[in-house]
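The lines below spell out each chain.
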Amino acid sequence: MEQLDRRETRFRSLIEHASDLIAAINTEGLIRFQSPSVERALGYLPGELLGRNVFEFIHPEDLPQVRLAFRGAVSEPYATVSVEYRFRHSKGSWRLLQSTGRALPADGDERLMVLNSRDVTEQKGLEAQLRQAQKMEAVGQLAGGVAHDFNNLLSVICGHSELLEMSLPPDEQSRESVAEIAWAAERAALLTRQLLAFSHQQVLEPQVLDLNTVVAAAEKMLRRIIGEGIRLITSLQPNLSRVRIDPGQLDQVLLNLAINARDAMPRGGCLSFGTCNIELPSVYIEAHPEVRPGPCVLLTVTDTGCGMSPEVQARIFEPFFTTKAVGQGTGLGLSVVQGIVEQSGGHVEVDSFPGVGTTFKLYLPAVEEALTTASQDVPAERPRGSGERVLLAEDEESVRLTTSFLLRRLGYRVLEASSGEEALRLAEASREKIELLITDVVMPGINGCQLADSLRSRDPGLKVLFQSGYTAEAVLHHGIMETESTFLRKPFTLAALDKKVRELLDQGSG
Ligand SMILES: Nc1ncnc2c1ncn2[C@@H]1O[C@H](COP(=O)(O)OP(=O)(O)OP(=O)(O)O)[C@@H](O)[C@H]1O
Ligand SMILES: [Mg+2]
């Protein structure tokens, strides 16, 4: 007898200390036993549940499948059934439980089923997050792959439309068509950049700049985007502090916000861009631990459109969240905006009222440094090269031809290679000194980085200009940003090519 007692105590203690939830219910679902772990997991005292019906606590949507499993178990003693369902916590929230149950044969007056349950809410949440992250990575890889080819095509379109424009007399009518082509290619390039920014595969070229200048320069593009029915107002504070951000990305931010505003005002309205210097109040910084204290530049983008409900507002920065019809929106716009601003050390906020309108507030940290000098888009009037020898390695023929055409036009002498291997051979055979290597980063066989390393082992002073439509991580690991080399984003304009080449060649040579 004593031995029996001891054994019973031991089993009881096993059950009482198990982290799983162990319960016994009868064939109607009434709870006859509940292990103490229920208090930690679901907030109920074990005694509180005795005599209650287990089905009362189950989420109505999950009831049919639970009942089905229950009937299965009851009809077949000793068979194990498993089921997953939501169970109400004593505080009202839902916990996801995974249960296995088996019915015991009748013993005395009542048949009982033993239920063994485990709370898998967090685990399932993590699994969902992982799946989402994997999906994002796949999208990113896809975007990177497409963007690579796409940027090559766009390089050709941009390059040739520029060449064409230069060769046409000023009053020639077809100039307008050429401008349209260039504009369309520019839009396409932006779209590609959107995908790349989203998948974090973009090379950043942060510059110190004045937001007022950028907003003023973007005005023409923005007007085009929003159309005639919407008024565009800018109110830019003079003596604005400078910020550090990639100008291409900043354009993308403005563009995304403008398109959203346009979509929110189908019957017209007003879109305003404002800038001002601001010091964030300390209460604000306390409430937002992610924000760096210090002086900021605030850019506001306000529309008088449809506004958003609090539910929509809570989700707008999620990638792929959109309220627009299929084909009208991908739901990437604002997640890209947020990503860009945060990568630049800033943050984004939104105020919106249904029927009144929306304001996006972009805070960017103010910096002290001098402006990055950039007279970027002034096309080169006359050749700026003086016959310097340039080795060009690019596997994509159309891009190679266009680039070498542009380089010759700028006054350089060009050796063309369709692969890293060929470039090495040409360099070997060349009797003249090669001043500059321009190379694609991603090429089959010897890639751009290996080519540069190998040529530099012979001529350590060789200047290198890498060009690519996107960056694989390898690119950055190769230290592309070191001195004596720089990076040109595809597709590029004649002016950008001119500027980069000149900068490199003039570096260190006085
Ligand atoms: N200015 C705005 N006014 C009202 N709603 C907005 C505004 N900006 C964004 N939204 C809401 O936020 C959602 C997400 O915007 P987001 O720019 O990320 O994606 P999208 O515009 O739907 O698609 P995409 O930008 O990829 O074409 C929009 O679908 C819209 O419901
Ligand atoms: Mg959008």
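Residues numbered from 1 in each chain as written. Chains lettered and ligands numbered in written order. Predicted model: local features only at pLDDT ≥ 70, side-chain atom pairs only at ≥ 80, totals over all residues. Heavy atoms only, no water.

**Description of unusual backbone geometry**
Excluding glycine, a negative phi dihedral is what most residues carry, and trans is how most peptide bonds are arranged. Phi angles above zero are rare outside glycine, and Asn239 is one such case at about 55°. Examined against the element boundaries, Asn239 turns out to sit in the loop between β7 (230-236) and β8 (242-245). Among the residues examined, Asn239 registers a relative accessible area of 73% and is labelled exposed. (Helix = DSSP H or I, 4+ residues; strand = E, 2+ residues; numbered from the N terminus. Buried < 20%, exposed > 50% of the residue type's maximum accessible area, 1.4 Å probe, protein only.)

**Observations regarding the domain arrangement of the chain**
Domain parsing of the chain yields domain 1 (17-119), domain 2 (125-198), domain 3 (211-367) and domain 4 (389-506). The gap between the C-alpha centroids of domain 2 and domain 3 is 22 Å. (Domains from an automatic or database assignment.)

**A short note on the sheet that holds strand β4 (residues 94-103)**
Backbone hydrogen bonds are what pair the strands of a sheet, in a parallel or an antiparallel way. Pairing in this open sheet of five strands is antiparallel, and the strands run β2-β1-β5-β4-β3 from one edge to the other. Lying at the two open borders of the sheet, with one neighbouring strand each, are β2 (31-34) and β3 (80-88). Across the sheet, the mean angle from the axis of one strand to that of its neighbour is 30°, orientation sign disregarded. Of the strand pairs in this sheet, β4 and strand β5 (residues 112-119) are connected by seven bridges, and their pairing is antiparallel. Note that in β5 the partner of Arg102 across the bridge is Val114. Here helix α4 (residues 63-75) sits on the sheet and contacts β1 (21-26), β3, β4 and β5; the angle it forms with β3, its principal contact strand, is near 145°. (Pairing = 2+ DSSP bridges. Axes fitted to C-alpha atoms, helices over the stretch in contact; angles between N-to-C directions. Contact = heavy atoms within 4.5 Å.)

**Re the pattern of salt bridges**
Per the counting criterion, the structure on display carries 24 salt bridges. Its salt-bridge partner being Asp506, residue Arg502 comes within 2.9 Å of it at the nearest N-O pair. Linking Arg502 with Asp506, this pair stays in helix α16 (residues 494-506), spanning four residues, or about one helical turn. What makes Arg502 buried here is its relative accessible area of 12%. Connected through salt bridges with shared partners, the residues Glu61, Asp62 and Arg86 form a single ionic network. (Salt bridge = Lys/Arg side-chain N within 4 Å of Asp/Glu carboxyl O.)

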